[in-house]
Amino acid sequence: MKNRLIVVAALFALSCSLAWVTHSQSGPKVKVKGGKLIEHDKSKPVRKAIEAWYDLNIEAFNKKDVAAVMALRTDDFHTTTPDGKINTRVDMEAYTKRLLDRIDHFISQDFEIGTIDLEGDLASADVTQKTVRMQRLADETLHKVEARVVQRETWKNTAQGWKLYTVDNIRDGSVLVDDKPYQPAPH
């Protein structure tokens, strides 16, 4: 009787551990980071939604449609530059318009989304952005411009779906103009 009880208890423990493993692999991974509850999305619906967001963002940039670009950002969208300067939505709309006015066309736009962290209605990830485009520089002639940067992007889940809320932790940037490292003209 005692052996049977041990076997039943062992089988029960095994079934509980298998149920826990199955549950932990199918749902989000949750941890506390800096006093905040963070979920790592393992089920992929947020990643799919953000990838769809990028499809729309790329399309808007290819069309050079500033209104469509800004429609994919929240009303309180802002960026923080490496030197700590905050750019508001209005600042970024003006910057986007100036940039797109200089671009003739994009050759490619690639985005690699890192691990997505979820916190409430916010999702953030480090994103590696690479673009190649034909662009007019200060000399007003067309040049091939290749730009690369890594930055943290945070999206907010709104009634209209995921929208870009903020960009910060901008780093590892590089620019090539006509396949050479870009040297801005001295002021």
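Refer to the structure presented above.
Residues numbered from 1 in each chain as written. Predicted model: local features only at pLDDT ≥ 70, side-chain atom pairs only at ≥ 80, totals over all residues. Heavy atoms only, no water.

Caption draft 1: Representation of the pairing of strand β8 (residues 142-158). Pairing analysis gives 15 bridges linking strand β7 (residues 122-136) to β8, with the strands arranged antiparallel. Following the sheet pairing, Gln135 is matched in β8 by His143. Counting the residues between successive antiparallel strands, the hairpin from β7 to β8 contains five residues, one of them, Glu140, with a positive phi of roughly 65°. Pairing geometry for β8 and strand β9 (residues 161-177), over twelve bridges, is antiparallel. Bridge pairing links Glu146 to Leu176 in β9. If you look at the hairpin formed by β8 and β9, you'll find two residues sitting between the two strands. (Pairing = 2+ DSSP bridges. Helix = DSSP H or I, 4+ residues; strand = E, 2+ residues; numbered from the N terminus.)

Caption draft 2: Expanded view of the side chain of Arg133. Inspection of the secondary structure puts Arg133 in strand β7. Although buried, Arg133 forms no salt bridge, and the nearest oppositely charged side chain, Glu146, lies 10 Å from it. Here Thr131 takes part through its side chain, which lies 2.7 Å from a polar atom of the side chain of Arg133. Here Gln135 takes part through its side chain, which lies 2.6 Å from a polar atom of the side chain of Arg133. Setting aside chain neighbours within four positions, we find Arg133 in contact with Leu99, Ile103, His105, Phe106, Ile107, His143, Lys144, Val145 and Ala147. (Buried < 20%, exposed > 50% of the residue type's maximum accessible area, 1.4 Å probe, protein only. Lys, Arg positive; Asp, Glu negative; His and termini not counted. Salt bridge = Lys/Arg side-chain N within 4 Å of Asp/Glu carboxyl O. Polar contact = N/O pair within 3.5 Å; in protein donor to acceptor, adjacent residues only side chain to side chain. Contact = heavy atoms within 4.5 Å.)

Caption draft 3: Broad picture of the pattern of salt bridges. For the coordinates displayed, the defined rule picks out eight salt bridges. A salt bridge links Lys144 to Asp179; the shortest N-O distance between them is 3.3 Å. One end of the pair, Lys144, is in strand β8; the other, Asp179, is in the loop between β9 and β10 (180-181), and 35 residues separate them in sequence. The class of Lys144 is partly exposed, set by a relative accessible area of 28%. The exposure class of Asp179 is exposed, given its relative accessible area of 52%. Several salt bridges converge on common partners, so that one network encompasses Lys144, Glu146 and Asp179.

Caption draft 4: Looking closely at helix α2 (residues 45-62). Between its first and last C-alpha, α2 extends 26 Å over 18 residues, near the 26 Å set by a 1.5 Å rise per residue. Among all positions of α2, only Val46, Ile50, Trp53, Tyr54, Asn57, Ile58, Ala60 and Phe61 are buried. Each buried residue of α2 sits inside an arc of 160° when the element is viewed along its axis, so together they form one side. Exposed residues on α2 whose side chains face more than 90 degrees from its buried face are Lys48 and Asp55. Lys64, located one to two residues past α2, shows a positive phi value of around 55°. (Expected span 1.5 Å × (residues − 1). Arc of directions from axis to C-beta.)

Caption draft 5: Examining the side chain of Glu153 more closely. Mapped onto the secondary structure, Glu153 falls in strand β8. For the buried Glu153, which has no salt bridge, the nearest side chain bearing the opposite charge is Arg73, at an N-O separation of 7.0 Å. Within polar-contact distance, the side chain of Glu153 engages the side chain of Gln151 at 2.8 Å. In this structure Glu153 touches Tyr54, Ala123, Ser124, Ala125, Val127, Gln129, Leu164, Thr166 and Val167, once residues within four positions along its chain are discounted.

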